[in-house]
Amino acid sequence: MTTPESNSNGSQDITVVHLMRHGEVENPDGILYGRLGGYHLSELGRQMADRVAEHLASRDVTHVVASPLERAQETATPIAKAHGLDLATDSRLIEAGNVFQGKTFGVGDGALRRPENWKHLVNPFRPSWGEPYVDQVVRMKGALDAAKDAARGHEAVLVSHQLPIWIVRSYVERRRLWHDPRKRQCTLASLTTFTYQGDRIVSVGYSEPAIDLVPVHLRAGARPVKGQGQGQGQGKAFGA
């Protein structure tokens, strides 16, 4: 990337913001839980959160923030505790809105088989079934920049959800926002890391500290397998 311009105060501090996807969720019925409350980490999800907390324990983390949803709060808690920090909440980190929230979602076995829902599928570029991609970019970039300011010269961890993380990364890396969901590089408990020099992002990295705990069919790039998902190997992999 090109060399960033200096901050107004002339500094070129290096600040690292880790955007983390939450751990596995207890969801045996395969519901697209979206922004619904009451969905908590499974036992495996808690192990994932602890693993990432251990991975980051030696890092210079001074700020930890999470989406208001339980699965994100529970993922962020051990990270904040490991650094002796209070956990902050930022509503901009919440899951993307989706009209299929609360339903099972799939071809032949869920909401897609009902004709009344087809009207929501007419425009994959916006998308027509949920929160516009551009809106996700605006709020997620705002949350990233706010965390950069709060942890300037140090590191921050933000816990969010798969789709918003992938969309803001795609924007920063100058890719189109519409995409094949099966090709998102954003596994459970993964870290998408943005490095700022001053106020400008100069690099984006990706790592999977808990990959050995993630079921193979839920890893980045894996094709979904009918009958398997986020409920400790049961149900379907819906909601992120």
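Draft legend 1. Representation of the overall build of the chain in the model. Scanning the chain from N- to C-terminus turns up 4 helices and 6 strands. Listing the helices and strands of the chain from first to last along the sequence gives β-α-β-α-β-α-β-α-β-β. Looking at the chain as a whole, 49% of its 240 residues are labelled buried. Pairs at least 24 apart in sequence give 69% of the contacts found in the chain among residues at least 6 apart.

Draft legend 2. Representation of the pattern of salt bridges within the structure. Taken as a whole, this structure holds 14 salt bridges when the rule is applied. Linking R139 and E131 is a salt bridge whose minimum nitrogen-to-oxygen distance equals 2.8 Å. Assessed through its relative accessible area of 14%, E131 is described here as buried. Between D180 and R182 there is a salt bridge, with the nearest N and O atoms lying 2.8 Å from each other.

Draft legend 3. Layout of the side chain of R184. Positionally, R184 belongs in the loop between α4 (162-172) and β5 (191-197). For the buried R184, which has no salt bridge, the nearest side chain bearing the opposite charge is E95, at an N-O separation of 7.1 Å.

Draft legend 4. How the structure looks around the nonpolar core. The biggest cluster of nonpolar side chains holds 22 residues, and the ones touching the most others in it are M20, M48, V52, I79 and V159. It is helix α1 (residues 43-56) that contributes the most residues to this core, 5 residues altogether. For V159, the residues in contact, after removing those within four places along its chain, are M20, H22, V65, A66, S67, A72, T75, A76 and L93. With 18 residues, the next largest nonpolar core counts V65, A147, I165 and C186 among its residues.

Draft legend 5. Region of interest: helix α3 (residues 133-150). The end-to-end C-alpha distance of α3, which contains 18 residues, comes to 26 Å, matching closely the 26 Å that a straight helix rising 1.5 Å per residue would cover. Along α3, the residues classified as buried are Y133, Q136, V137, R139, M140, A143, L144, A147 and K148. On the buried face of α3, the contacting elements are β1 (14-21), β2 (61-66), β4 (155-160), α4 and β5.

Draft legend 6. Representation of the pairing of β4 in the model. Judged by how many residues are buried, β4 sits mostly within the fold: 6 of 6 residues are covered. The alternating pattern of β4 places E155, V157 and V159 and A156, L158 and S160 on opposite faces, both of which are buried. Looking at chain direction, β1 and β4 are connected through 6 bridges and run parallel. The partner of R21 across the bridge, within β4, is S160. Judged from the 5 bridges that link them, β2 and β4 form a sheet pairing that is parallel. Bridge pairing links V61 to E155 in β4.

Draft legend 7. A look at the packing of α1 against helix α2 (residues 70-82). Two elements in contact, α1 and α2, have axes separated by 8 Å at closest approach and are oriented at 30°. One way to sum up the angle between α1 and α2 is to call them roughly parallel. Every pair of crossing elements has a handedness; the one defined by α1 and α2 is right-handed. Between α1, through A49, D50, V52, A53 and L56, and α2, the contact on the second element is made entirely by E74, T75, P78, I79 and A82. In terms of residue class, the contact of α1 with α2 is built from 7 nonpolar, 1 polar and 2 charged.

Quick notes on the rules
Residues numbered from 1 in each chain as written. Predicted model: local features only at pLDDT ≥ 70, side-chain atom pairs only at ≥ 80, totals over all residues. Heavy atoms only, no water. Helix = DSSP H or I, 4+ residues; strand = E, 2+ residues; numbered from the N terminus. Buried < 20%, exposed > 50% of the residue type's maximum accessible area, 1.4 Å probe, protein only. Contact = heavy atoms within 4.5 Å. Salt bridge = Lys/Arg side-chain N within 4 Å of Asp/Glu carboxyl O. Lys, Arg positive; Asp, Glu negative; His and termini not counted. Core = buried A, V, L, I, M, F, W, Y, C linked by side-chain atoms within 4.5 Å. Expected span 1.5 Å × (residues − 1). Pairing = 2+ DSSP bridges. Axes fitted to C-alpha atoms, helices over the stretch in contact; angles between N-to-C directions. Parallel < 35°, antiparallel > 145°, perpendicular 65-115°, else oblique. Left-handed = near helix turned anticlockwise from the far one by under 90°. Nonpolar A, V, L, I, M, F, W, Y, C, P; charged D, E, K, R; others polar.

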